[in-house]
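Fold and geometry: a report
The residues making up each chain are set out below.
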Amino acid sequence: LEERSFSNILHTVGEMDLATDLTTAALNLGGSGLLLPAAMEHVEDDGVTFGRYTAVSSLGIFPYLRRTLVYFGLFPRWDHYESASLLTEMVNGKNATSGVGTTTTAEFYLDFGLLGVLLGQLFIGWTAASLQYSARRSHPDMRITIIYVFSLGVFAVLARYAMGAFLVKIREALDLRTKVR
């Protein structure tokens, strides 16, 4: 119990090698800590994309739709179809061998700027609260409860992925709902 005392914790923190610990933290963070600054730099240089990345990633709801549209030339030719590939190029360089991914915050910022981040995160929070409210209200209906429990996992990882992943998971939850009936 004495090991966990506040004064012992302060003593331990005081003895830490700050440079080594910050380096370890930065390595563990990977490129994700650089995604929002990279998105901000891109918007400053080229402006917002007016929903392009969110729209393209949302097409992932329908399997193979994006690939088909690109294959038949029904999609405009862009350097990057996903915010993850743009951010990877900005953070790791053009010939990167690994990606950095994206975040909902970076994608909303690329698409709509600060207002997009505020409204997008508000939408995500409203959706989570609505699911929770529905699950609490419909206690005997297990379908709603299953969708709510399934969505908890989606919301837990949502900050690390694009908005399209969120929409794909909602589609999967709705498919699960029809199977439970």
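**Concerning the overall build of the chain**
On a plain count of helices and strands, the chain comes out with nine helices and zero strands. Along its sequence from the N terminus, the chain presents helices and strands in the succession α-α-α-α-α-α-α-α-α. Here the chain holds 181 residues, and 28% of them are scored as buried. Long-range pairs, those at least 24 residues apart, make up 63% of the contacts in the chain between residues at least 6 apart in sequence.

**A short note on the pattern of salt bridges**
Going through the model one piece at a time under the given rule, you end up with one salt bridge. One salt bridge in this structure joins Glu-89 and Lys-94, with 3.5 Å as the shortest N-O distance.

**Describing helix α6 (residues 83-92)**
Every buried residue of α6 is listed here: Ser-83, Leu-86, Leu-87 and Thr-88. Next to the buried residues of α6 lie α3 (35-46), α4 (52-58) and α7 (104-137). At the exit of α6 stands Gly-93, carrying a positive phi of roughly 100 degrees.

**Considering the side chain of His-42**
Mapped onto the elements, His-42 comes out in helix α3. Note on His-42: relative accessible area 12%, which makes it buried. Beyond its immediate sequence surroundings of up to four residues, His-42 is in contact with Gly-47, Leu-86, Met-90 and Leu-110.

**Considering helix α8 (residues 142-157)**
Residues three or four positions apart in an α-helix share a direction because the helix packs 3.6 residues into each turn. Taking 1.5 Å per residue, 16 residues should reach 22 Å; α8 reaches 24 Å between its end C-alpha atoms and fits that length. For α8, every residue scored as buried is listed here: Ile-144, Ile-147, Tyr-148, Ser-151 and Val-154. All buried residues of α8 fall inside an arc of 120 degrees around its axis, so they share one side. Exposed residues pointing more than 90 degrees away from the buried face of α8 are listed as Met-142, Val-149 and Ala-156.

**A few points about the environment of Gly-47**
Mapped onto the fold, Gly-47 is located in the loop between α3 and α4. For Gly-47, a relative accessible area of 26% gives the class partly exposed. Each C-alpha atom, one on Gly-47 and one on Gly-113, is 8.5 Å from the other, the two residues being 66 residues apart in sequence.

**Some details on the side chain of Thr-102**
Inspection of the secondary structure assignment puts Thr-102 in the loop between α6 and α7. Using a relative accessible area of 6% as the deciding quantity, one classes Thr-102 as buried. Here the side chain of Thr-102 touches Ser-83 through a polar contact of 3.0 Å, side chain to side chain.

What counts, and at which threshold
Residues numbered from 1 in each chain as written. Predicted model: local features only at pLDDT ≥ 70, side-chain atom pairs only at ≥ 80, totals over all residues. Heavy atoms only, no water. Helix = DSSP H or I, 4+ residues; strand = E, 2+ residues; numbered from the N terminus. Buried < 20%, exposed > 50% of the residue type's maximum accessible area, 1.4 Å probe, protein only. Contact = heavy atoms within 4.5 Å. Salt bridge = Lys/Arg side-chain N within 4 Å of Asp/Glu carboxyl O. Expected span 1.5 Å × (residues − 1). Arc of directions from axis to C-beta. Polar contact = N/O pair within 3.5 Å; in protein donor to acceptor, adjacent residues only side chain to side chain.

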